Amino acid sequence: MRAANPTAMQIMVAWRDNKWVVERNALKVAAYAYRVHAIDHARALAAEAQASGLECYLLIREQDGRWSERPCPRSRQRPGPPHAAAR
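Since we're looking at a predicted model, the values are computed, not measured.

**What to know about the sheet that holds strand E3 (residues 27–32)**
For step 1, the next point in the chain: Read from one edge to the other, the open sheet built from 5 strands follows the order E3-E2-E1-E4-E5, with strand pairing classed as mixed. Each edge of the open sheet carries a strand with a single partner, namely E3 and strand E5 (67–71). Averaged over all neighbouring strand pairs, the angle between strand axes comes to 20°, with direction disregarded.
For step 2, the next point in the chain: Where strand E2 (residues 19–24) and E3 come together, 5 bridges link them in antiparallel fashion. Note that in E3 the partner of Trp 20 across the bridge is Tyr 32.
For step 3, the next point in the chain: In the packing of helix H1 (residues 35–51) onto the sheet, the strands contacted are strand E1 (9–16), E2, E3 and strand E4 (56–61), and the crossing angle to E1 comes to about 170°.

Here you go:
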């Protein structure tokens, strides 16, 4: 059975216990010492969600306790090889 509107995926990156924790739908999937690594993992999860056709949103809890919510980043499309010019 397929739903017309699949459930959105929640990805959270939060500072907890001196590390950056990445969660997908409230389940811990990874922990990192550096924020940039946690954000990279969140981007990979967002790409998986988009490939599956799921809507996605990102919650971020900074070290000072602030929360922000935003849509998941769009996957970065790498340009393929240039197409041959039509003759």
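The structure having been displayed, the exposition proceeds.
**Describing the nonpolar core**
For step 1, the next point in the chain: With 17 residues, the main nonpolar core has Ile 11, Val 13, Val 22, Cys 56, Leu 58 and Cys 72 as its most contacted residues.
For step 2, the next point in the chain: Going through the elements one at a time, E1, E2, H1 and E4 are the ones with two or more residues in this core.
For step 3, the next point in the chain: Here this core takes 6 residues from H1, the largest share from any one element.

**A closer look at the pairing of E4**
For step 1, the next point in the chain: Two elements, E1 and E4, share 6 bridges in a ladder whose sense is parallel. Following the sheet pairing, Ile 11 is matched in E4 by Leu 58.

Rules used throughout
- Residues numbered from 1 in each chain as written.
- Predicted model: local features only at pLDDT ≥ 70, side-chain atom pairs only at ≥ 80, totals over all residues.
- Heavy atoms only, no water.
- Pairing = 2+ DSSP bridges.
- Helix = DSSP H or I, 4+ residues; strand = E, 2+ residues; numbered from the N terminus.
- Axes fitted to C-alpha atoms, helices over the stretch in contact; angles between N-to-C directions.
- Contact = heavy atoms within 4.5 Å.
- Core = buried A, V, L, I, M, F, W, Y, C linked by side-chain atoms within 4.5 Å.
- Buried < 20%, exposed > 50% of the residue type's maximum accessible area, 1.4 Å probe, protein only.

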